[in-house]
Amino acid sequence: MKQLALPLLISAALIAQCGPSFSKDRTITGTIRGFECGDNCYLTIVDRKKVEQVGLCAAPECESWNEQTAMPSRYKGKRVIVAVGQGQQVDDSGNLMGEMMSFTKIRFLD
């Protein structure tokens, strides 16, 4: 039993050094198809099964895109892994309109 402890500790240490953890989050791997803003800003990703997944763009990477209501064109077509959560849609007056899928973290693969 003691022989297993060291490899497990080393593995845990390596995982901790790999940056933001996606291990506890539900994720989608795919390609960025688009980004658009209205009352809220949405990121569209085409997943591995070629299905469009649209979510509120709530990741830190989205902050400047949301402020400018535009994503730099260099990100279109980029492969990503996104962490998925629930977000709240609001109208222009700040009234809650409902909940929908939200992308809370983005890891660029290309």
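See above for the structure.
A. Up close: the side chain of threonine 29. Within the element layout of this structure, threonine 29 appears in strand E1 (residues 26-37). A relative accessible area of 16% means that threonine 29 is categorised as buried. Those residues in contact with threonine 29 that lie beyond four places of it in its chain are Val46, Asp47, Arg48, Val80, Ile81 and Leu109.

B. Representation of unusual backbone geometry. One non-glycine residue, lysine 50, lies in the positive phi region at around 70°. By secondary structure assignment, the location of lysine 50 is in the loop between strand E2 (41-47) and strand E3 (52-57). The backbone of threonine 69 shows a phi angle near 50°, a positive value even though the residue is not glycine. Mapped onto the elements, threonine 69 comes out in the loop between helix H2 (63-68) and strand E4 (79-90).

C. Region of interest: the pattern of salt bridges. For the coordinates displayed, the defined rule picks out 1 salt bridge. The partner of glutamate 52 in a salt bridge is arginine 33, with the nearest N and O atoms 2.6 Å apart. In this pair, glutamate 52 sits in strand E3 while arginine 33 sits in strand E1, placing the two residues 19 residues apart along the sequence. Judged by relative accessible area, glutamate 52 falls into the partly exposed class, the value being 44%.

D. Structural context of the packing of aromatic side chains. Overall, the coordinates contain 3 aromatic pairs when judged by the stated rule. Judged by centre distance (5.1 Å) and plane angle (35°), the ring pair of tyrosine 75 and phenylalanine 108 falls under tilted. Placement of the pair is tyrosine 75 in the loop between H2 and E4 and phenylalanine 108 in strand E5 (residues 96-108), with a sequence separation of 33 residues. Among the aromatic residues, ring-to-ring pairing joins Phe35, Trp65, Tyr75 and Phe108 into one connected group.

E. Main features of the state of the cysteines. Inspection of the entire model under this criterion finds 2 disulfides. Between the sulfur of cysteine 57 and that of cysteine 62 lies a disulfide, 1.9 Å long from S to S. Disulfide cysteine 57-cysteine 62: torsion about the S-S bond near -60°, hence left-handed. In terms of burial, cysteine 57 and cysteine 62 fall into one category: buried. Within the protein, bonded cysteines paired by disulfides and numbered along the sequence follow the pattern 1-2, 3-4.

What counts as what
Residues numbered from 1 in each chain as written. Predicted model: local features only at pLDDT ≥ 70, side-chain atom pairs only at ≥ 80, totals over all residues. Heavy atoms only, no water. Helix = DSSP H or I, 4+ residues; strand = E, 2+ residues; numbered from the N terminus. Buried < 20%, exposed > 50% of the residue type's maximum accessible area, 1.4 Å probe, protein only. Contact = heavy atoms within 4.5 Å. Salt bridge = Lys/Arg side-chain N within 4 Å of Asp/Glu carboxyl O. Phe/Tyr/Trp six-rings, centres within 6.5 Å; stacked < 30°, edge-to-face > 60°. Disulfide = S-S within 2.5 Å.

Worth remembering: the numbers are spatial, not functional.
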